[in-house]
Amino acid sequence: MLVLGIETSCDETAAALVEDGRTILSSVIATQMDLLKKYGGVVPEVAARRHTELIGYVIEEALNKAGKSKEDIDAVAVTAKQGLIGCLLVGTAAAKTMSYALNVPLIGIHHIEGHIFANKLSNPDLPYPHVCLTVSGGHTMILYVAENCHYELMGTTVDDAAGEAFDKVAKFLGLGFPGGPVIDKAAQTGNIKAYKFPRPLIYAKNYDFSFSGLKTSVINTFKEQVANHEALPLPDIAASFQEAVVDVLVAKTIKAALERGVKALSVTGGVSANRRLRANFQTAAERNGLKVFFPSLSLCTDNGAMVAAAGYSRLMRGERSTLELDVIPSTPLEMTRGQD
Amino acid sequence: MKVLGLDTSHYLNSVGIIEGERLLAGVTSSARSDSLVKIIANIDFAVKRAGLTLAQIDGFGVGLGPGSWTGIRVGVTVGKMLAYATGKPICGVSTLEALAREAFNANTLICSIIGGGTKDMIYAALYRQLNGAVKQEGDYYVGSPSGLAHLIKENVVIVGQEADFYAEYIKSLNIPDIKITEIKTIPQGSTIASLAQARLERGDKDNALALTPLYLKESAARIYQEVK
Ligand SMILES: [Zn+2]
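Computed from a predicted model, the values in this text were never measured in an experiment.

J.: So what about the sheet that holds strand S2 (residues 12–19) of chain A? Which residues, and what values?
T.: Hydrogen bonds between backbone groups are what pair the strands of a sheet, and the pairing can be parallel or antiparallel. All names here are of chain A. Ordered by their spatial adjacency, five strands build an open sheet running S3-S2-S1-S4-S5, and the pairing between neighbours is mixed. Edge positions in the open sheet fall to strand S3 (23–31) and strand S5 (106–110), since each of these has one partner strand only. Strand after strand, the sheet turns through a mean of 20 degrees between neighbouring axes, direction not considered. In this structure, strand S4 (residues 75–81) lies alongside S5, joined through five bridges in parallel fashion. Across the sheet, residue Val76 finds its bridge partner in S5, namely Leu106. In the packing of helix H2 (residues 44–66) onto the sheet, the strands contacted are strand S1 (2–7), S2 and S3, and the crossing angle to S2 comes to about 25 degrees. Across the sheet, helix H3 (residues 85–102) lies against S1, S4 and S5, angled at about 155 degrees from S4, the strand it touches most.

J.: Can you explain helix H2 (residues 69–86) of chain B? Please cite residues and give values.
T.: All names here are of chain B. Counted at 1.5 Å a residue, the expected span for H2 with its 18 residues is 26 Å, and the 26 Å between its end C-alpha atoms agrees. Among the 18 residues in H2, 16 count as buried, and that is most of the element. Trailing H2 by a residue or two, Gly87 shows a phi angle of about 75 degrees, which is positive.

J.: Could you give an account of the pattern of salt bridges, naming the residues involved and the relevant values?
T.: Residues and elements named next belong to chain A. Scanning the entire structure with this criterion turns up 23 salt bridges over all chains. Arg276 is the partner of Glu243 in a salt bridge, and the nearest nitrogen-oxygen pair spans 2.7 Å. Here Glu243 is found in helix H8 (residues 234–260), whereas its partner Arg276 is found in helix H9 (residues 275–287), with 33 residues between them in sequence. A residue is classified by how much of its surface remains accessible, and Arg276, at 30% relative accessible area, is partly exposed. The partner of Arg317 in a salt bridge is Glu319, and the shortest N-O contact between them spans 3.1 Å.

J.: Summarise the nonpolar core; cite the residues concerned and give the values.
T.: The biggest cluster of nonpolar side chains holds 49 residues, and the ones touching the most others in it are Val131(A), Phe211(A), Phe241(A), Leu249(A) and Phe281(A). At the level of secondary structure, the elements contributing two or more residues to this core comprise strand S6 (130–135), strand S7 (140–147), helix H5 (162–172), helix H6 (179–187), helix H7 (212–227), H8, strand S9 (264–268) and H9 of chain A. In terms of residues, this core owes the most to one element, H8(A), which gives 13 residues. Among all residues touching Val131(A), those that are not within four sequence positions of it are Ile142(A), Leu143(A), Tyr144(A), Met154(A), Thr253(A), Ala256(A), Ala257(A), Val262(A), Ala264(A), Leu265(A) and Ser266(A). Core analysis: the second largest hydrophobic core is formed by 33 residues, Val15(B), Ala46(B), Ile57(B) and Val78(B) among them.

How each quantity is defined
As a convention, each chain's residues are numbered from 1 in the sequence order in which they are written. Here chains are named by letter from A upward and ligands by number from 1 upward, in the order in which they appear as written. A pLDDT threshold of at least 70 governs which residues receive local features in this predicted model, and a stricter bar of 80 or more applies before side-chain atom pairs are shown or counted, although totals over entire chains, interfaces and linings include all residues. No hydrogens and no water enter the side-chain calculation; it runs on all heavy atoms of the structure. Any two strands are treated as partners once DSSP identifies two or more bridges connecting them. The helix count covers DSSP runs of H or I at least four residues long, the strand count covers runs of E at least two residues long, and both are numbered beginning at the N terminus. All axes here are fitted lines through C-alpha atoms, helices being fitted over the stretch that makes contact, and every angle between N-to-C directions spans 0 to 180 degrees. What makes two residues a contact is simply this: any of their non-hydrogen atoms within 4.5 Å. One fewer than the residue count of a helix, multiplied by 1.5 Å, yields its expected span. Relative accessibility decides the category of a residue: with a 1.4 Å probe and only protein chains considered, values under 20% of the type maximum give buried, values over 50% give exposed, and everything between is partly exposed. Note on definitions: salt bridges are taken to be side-chain nitrogens of Lys or Arg within 4 Å of carboxyl oxygens of Asp or Glu. Remark: nonpolar core denotes a set of buried residues (Ala, Val, Leu, Ile, Met, Phe, Trp, Tyr, Cys) joined through side-chain atoms within 4.5 Å.

Structure below.
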């Protein structure tokens, strides 16, 4: 079954063709990075305009790269939940039109479910049940995944998402945007022990996160220097801050996995591309007899392939969206419990 | 030639199918905050009402605005993907021109007005009848209703969803010796279709995938504000 996956929930205009939820025939991502750098972040109106200009070209390019024609498409999947409303509208309008004109099924997907499926696409042998940490600029969650599409929320952030903390600290330090990659880069030559930043909620009994205090701590520590335009030891700050975030993410996810008695961990979302996060997860997982899985780097950030894979799974369960599918900018991922 | 036209520039969406001078089907429904939910159902309803299948439509027309930004983006995206998926041609049409077309019998100046979201901001353009069609005079107008009133120095027919309101307003400014009439109407999908048909019959069409809404110059300022 050939599924066209469309993703426009934030700043990437993306489309992909995926066969049977498993084989990526093409994945095209038009990034709006030039605009983001210009404005220092996502401006919803600007992003929505760019999506409207690019969406048709991106879909056509996905078909061309896959060597397929429109008539080969068996179903259309689209991110319709969670994101910027004006951006979601463009992808969803395109998906509904393609579904109608080609007379094939349509399925609307929650953006976070897309990220969860990115790991399944990269690692077909990812076992169930497992514990999943999905972490990006928009969310930070620990989920117990009993099987495909069966999630139980174990913990979530009570304030900033981890990726958001990266963005804000990077902006404060004048390192640019987006924060994840620039801090990862700056941290390469830094000393992780140079500064002792807090590890919020690391010893808490539950699996919730809070990154706002950590961000504030970094900002307060260097506020005066920044105001006086003094040179900062950027690599050391970046490395110490990053280590604090990573420590919390790793400790809580491992604890969740041990409590639920699973053998495998899935770490996904934009922040899962972070090198220090990957290295520390690997070490901690091995020490605890767990196997950890990461998506390939191209599937960490927003893309159409993960949406197609999630859509395939939902379609196989007999789910369909109608042509009246609407977008929902903010809604929790639907939790469906497996057999208890 | 059977042409399907759609417009979502207001908080409404209107779909019409024409063949030559004949209206085969038309449907207009209100949209909540955008036009996404009902637009495909309305297109499908019109196609079936006309006794056709989508494959039997020879070309498309889509209203490019100005108007509600998110509304137009839905319409333009639906229009471009319809043309792409069916392999049929499409023409983008100014929604202000479509409004002016509703007054094509007028022997006076025609002024199309679309509200810009606030009381002080409107989109407008002036037209004159010419050989059964309408021809735009000058540039698009973006600004306050009073600024527009200063541009009107002769008998005029105001066209638009709030034509009565703007006609009253301009009358209240006591511009001497001008007769002001109004046609209260919304941009009709069938009018968009008919304007597109005129171009399609000449072999003229737009690049479907490149179609983009008519935001007009006001937008740059507003976006800049949003960025700041
Ligand atoms: Zn994402």
